Amino acid sequence: ELADDHQKKNLLYMYDTSNTLSENEKIAAVTDIFSRTGVREYASQVMEAYRDLAISHVQSCAISPEKKDVLIRFVNDLLYRES
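Just so we're clear, the structure is a prediction, and the values are computed from it rather than from any experiment.

A short note on helix H2 (residues 23-37)
Since one α-helical turn is 3.6 residues long, residues separated by three or four positions face the same way.
And then number 1: Over its 15 residues, H2 extends 21 Å from the first C-alpha to the last, a length consistent with the 21 Å expected when each residue adds 1.5 Å.
And then number 2: Within the sequence span of H2, burial applies to Lys 26, Val 30, Ile 33 and Thr 37. The arc enclosing the buried residues of H2, seen along the axis, measures out at 60 degrees, which places them on a common side. Away from the buried face of H2 by more than 90 degrees, exposed residues Asn 24, Ser 35 and Arg 36 are located.

Given below as structure tokens:
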């Protein structure tokens with residue numbers, strides 16, 4: 001969605017298993033396109049929106065505040081875990 005036509009063509013080429021580029025070349029090219037298009041920032045925004053939605057659903061549950069806290073910590077741990 002964020003890529004221009006040229007970048008989209010390059011992405012399709014990188015994902016094409018018949019091209020002769022090495023895996024490292026493909027990874028570098030895709031990473032570069034993702035960097036140029038702001039994919040990481042966009043993905044972070046989407047993750048935060050889903051996090052907020054999940055927490056709002058937890059808050060609306062008829063469970064104890066302690067159990068809500070456990071679920072909210074779990075959501076945050078998933079989102080902010082180290083790779």
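Brief notes about the environment of Arg 81
And then number 1: Inspection of the secondary structure assignment puts Arg 81 in the segment after helix H4 (65-80).
And then number 2: With a relative accessible area of 58%, Arg 81 lands in the exposed category.
And then number 3: Within polar-contact distance, the side chain of Arg 81 engages the backbone oxygen of Leu 78 at 2.5 Å.

Here's the deal with the nonpolar core
And then number 1: The biggest cluster of nonpolar side chains holds 5 residues, and these are Ala 3, Leu 11, Met 14, Val 30 and Ile 33.
And then number 2: Mapped by element, the contributors of at least two residues to this core are helix H1 (5-15) and H2.

Some points on the pattern of salt bridges
And then number 1: Taken as a whole and assessed by the stated rule, the structure comprises 3 salt bridges.
And then number 2: Note that Glu 23 is salt-bridged to Lys 26, the shortest N-O span being 3.7 Å. Residue Glu 23 and its partner Lys 26 are located together in helix H2, separated by 3 residues, close to a single helical turn.
And then number 3: For Glu 23, a relative accessible area of 52% puts it in the exposed group.
And then number 4: Measuring nitrogen to oxygen at the nearest pair gives 2.9 Å for the salt bridge that ties Arg 36 to Asp 32. Separated by 4 residues within a single helix, Arg 36 and Asp 32 lie in helix H2, roughly one turn from each other.
And then number 5: Here Arg 36 falls in the exposed class, since its relative accessible area comes to 62%.

About the cut-offs
- Residues numbered from 1 in each chain as written.
- Predicted model: local features only at pLDDT ≥ 70, side-chain atom pairs only at ≥ 80, totals over all residues.
- Heavy atoms only, no water.
- Helix = DSSP H or I, 4+ residues; strand = E, 2+ residues; numbered from the N terminus.
- Expected span 1.5 Å × (residues − 1).
- Buried < 20%, exposed > 50% of the residue type's maximum accessible area, 1.4 Å probe, protein only.
- Arc of directions from axis to C-beta.
- Polar contact = N/O pair within 3.5 Å; in protein donor to acceptor, adjacent residues only side chain to side chain.
- Core = buried A, V, L, I, M, F, W, Y, C linked by side-chain atoms within 4.5 Å.
- Salt bridge = Lys/Arg side-chain N within 4 Å of Asp/Glu carboxyl O.

Note that every value here comes from positions in space, so none of it alone points to a role or purpose.
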